Amino acid sequence: MKVAAVSVIAILLALGTSAVPAEEERSRNFESPSAVLARVPEKDRAKRNPLASDPEAASAGRKLFEQHCAECHGGTAEGARRGPSLRSADMRHATPGEVFWIVTNGVVRCGMPAWSKLPEPQRWQIVNFLQEQKGNTP
Amino acid sequence: MVQKYMTGSLRSESHSGRGGASGLIPRAVAPETSRRGGIRLFHPVAFLARGCCLVLVVLSLFKCKAFAQESPYIVTYDHHLEEPGNLEIEYFSTFGTQRAGNDFHAYWVEFEYGATAWWTTEFYLDGQTTFHDSTLFTGFRWENRFRPLRTEHFINPVIYVEYENISEADKIVKEVEGHDVASDHADPNALLRQGHNHELEFKLILSKDFKGWNFAVNPLATKNLSPNNPWEFGYAAGISRPLALKASAQRCTFCRENFIAGVELYGGLGDTQSFGLHETSHYVAPALAWNLPSGWTVRLSPGFGLNGNSHRLLLRWGLSREFSGFSEILRGLFGVRL
């Protein structure tokens, strides 16, 4: 048991210390939102938000954002150490389809996971919340 | 005689070491035998207490909990990896009924860490209690999952590589492979623990999300690293869906969106010497996950054997919690420069 316990701690520490600098290095060099947005396929760019007229979608999106996204992007998407601001000029001009594509696919090589594990309506709720943030200055 | 490759040649060796037939030692004398043989028996309470202490020490390092959105699968994997920098600590139990032997309670603790957005690594510690017999620590596993593609595709592949260092007394049945059958677990622990396995296991995780449903298929191949062991094969497949697809605006514990229901199907496919369904075991297991707003996830999955080679019932349950900021704690501990 002792050997096993020491092993687990040693392995996790070794992995963690090796992974942390790379991860943080990446997050310091966030891929610019414009570069990410440029990768969005045309058909996804034009997707319409099926919950655009849902009055509760933005508030549900806020809850989801706080649960899953705020740790990296800040509580109101203003940006934090591990993730860029989602209220930048580029993101303000992004279409709902583009934002949905980024939430779904992530920016895996830069540390942002894909959030396709959330059902599609929940991802659109997050998009609604982010669209609501457009009105706020960064 | 039917050859059983559940744990490769070491199983065969240990069987042959006592005459090549299982069950030569009467069940009733098994505990006595193990004591006379000088084999140390782990006291269940002490084992659990140590485990809990270890987990609590680790937990005390964290202040940030993360809301988990875990699938209900216990055997099957989907393509979703751990978020980078997060650590998930999981405890699982399996209660199994045993034909012609003592029922058992096997358990494992899992430390799952998102090293990057495309690489998740996990470390397992396994143990088991066989009723009217003994409690054992049965070994460890180190698992890695790699996501090769940057974006979501029609089907999303993940490469899975695992190293196992476990005794033949391991009964967590985390996967079924080769000719794993229920009777492999019928022997006394004192006998089973003499065999030890070093195995490499490979899986190709294929998974897709479609309209709230998740479909996942995991073909697997295992190689015992001892010489002259065949490759063994198996499969796992699952389908799951949240009970509600839209989130409610309020923070809630019993909302339908917090529950994900599914069903798993898994079993063995023989080995390179006898590929197929002959002398293999198969299970179907409904599964339910409850993701609590506090960061905890509870899972329940009763598994039912589909043929006479399977355990009649494998009742599994699990408790897990995800913590964010583990990488930052490490950075603080070791002063890694940013």
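Residues numbered from 1 in each chain as written. Chains lettered and ligands numbered in written order. Predicted model: local features only at pLDDT ≥ 70, side-chain atom pairs only at ≥ 80, totals over all residues.

Caption draft 1: Structural context of the packing of helix 4 (residues 57-68) of chain A against helix 8 (residues 120-133) of chain A. Residue and element names in this part refer to chain A. Taken N-terminus to C-terminus, the directions of helix 4 and helix 8 make an angle of 100°; their axes are 7 Å apart at the nearest point. Overall, the two elements helix 4 and helix 8 adopt an arrangement that is roughly perpendicular. Residues Ala57, Ala58, Ala60, Gly61, Arg62, Leu64 and Phe65 of helix 4 lie in contact with helix 8, whose contacting residues are Gln122, Trp124, Gln125, Ile126, Asn128, Phe129 and Glu132. Among the residues forming the contact of helix 4 with helix 8, the class breakdown is 8 nonpolar, 4 polar and 2 charged. (Axes fitted to C-alpha atoms, helices over the stretch in contact; angles between N-to-C directions. Helix = DSSP H or I, 4+ residues; strand = E, 2+ residues; numbered from the N terminus. Parallel < 35°, antiparallel > 145°, perpendicular 65-115°, else oblique. Contact = placed C-beta atoms within 7 Å. Nonpolar A, V, L, I, M, F, W, Y, C, P; charged D, E, K, R; others polar.)

Caption draft 2: Main features of the pairing of strand 3 (residues 104-116) of chain B. Residues and elements named next belong to chain B. Most of strand 3 is tucked away: 11 of the 13 residues are buried. Direction of pairing for strand 2 (residues 87-96) relative to strand 3: antiparallel, over a ladder of 10 bridges. For Glu90, the partnering residue across the bridge sits in strand 3 and is Glu110. With 12 bridges joining them, strand 3 and strand 4 (residues 119-130) adopt antiparallel strand pairing. In the sheet register, His105 faces strand 4, and the bridge partner there is Thr129. Here strand 3 hands over to strand 4 after 2 residues, the two strands then running antiparallel side by side. (Buried ≥ 20, exposed ≤ 12 C-beta atoms within 10 Å, placed from the backbone. Pairing = 2+ DSSP bridges.)

Caption draft 3: Molecular detail of the environment of Phe304 of chain B. Inspection of the secondary structure puts Phe304 of chain B in strand 12 (residues 296-305). On a C-alpha basis, the gap between Phe304 of chain B and Val284 of chain B in space is 5.5 Å, while along the polypeptide they are 20 residues apart.

Caption draft 4: Summary view of the confidence of the model for chain A. Overall, the prediction assigns chain A a mean pLDDT of 81, with 75% of residues at 70 or greater. Across chain A, helix 7 (residues 96-105) of chain A holds the top mean pLDDT of 94, while helix 1 (residues 2-28) of chain A sits lowest at 51. (pLDDT = per-residue confidence, 0-100.)

Caption draft 5: Spotlight on the confidence of the model for chain B. Residues and elements named next belong to chain B. Mean pLDDT over chain B: 84, with 79% of residues reaching 70 or higher. Looking across chain B, the model is least confident in helix 1 (residues 8-17), with a mean pLDDT of 37, and most confident in strand 9 (residues 231-242), with 98. Both scores are given for the predicted complex: the pTM is 0.82, the ipTM 0.79.

Caption draft 6: Looking closely at the pairing of strand 12 of chain B. Residue and element names in this part refer to chain B. The side-chain alternation of strand 12 yields one buried face, formed by Thr297, Arg299, Ser301, Gly303 and Gly305, and one unburied face, formed by Trp296, Val298, Leu300, Pro302 and Phe304. Relative to strand 12, strand 11 (residues 282-291) runs antiparallel, the two sharing 6 bridges. Within strand 12, the residue paired with Asn291 across the bridge is Thr297. Hairpin connection, strand 11 to strand 12: the antiparallel pair is bridged by 4 residues, and Gly295 has positive phi, about 105°. Note that strand 12 and strand 13 (residues 313-323) share 9 bridges and pair antiparallel. Among the inter-strand pairings, Val298 is bridged to a residue of strand 13, identified as Leu319.

Caption draft 7: Quick peek at helix 5 (residues 326-334) of chain B. Residues and elements named next belong to chain B. Considered for burial, the residues of helix 5 that qualify are Phe326, Ser327, Leu330 and Arg331. All buried residues of helix 5 fall inside an arc of 145° around its axis, so they share one side. Away from its buried face by more than 90 degrees, helix 5 exposes Gly332 and Leu333. (Arc of directions from axis to C-beta.)

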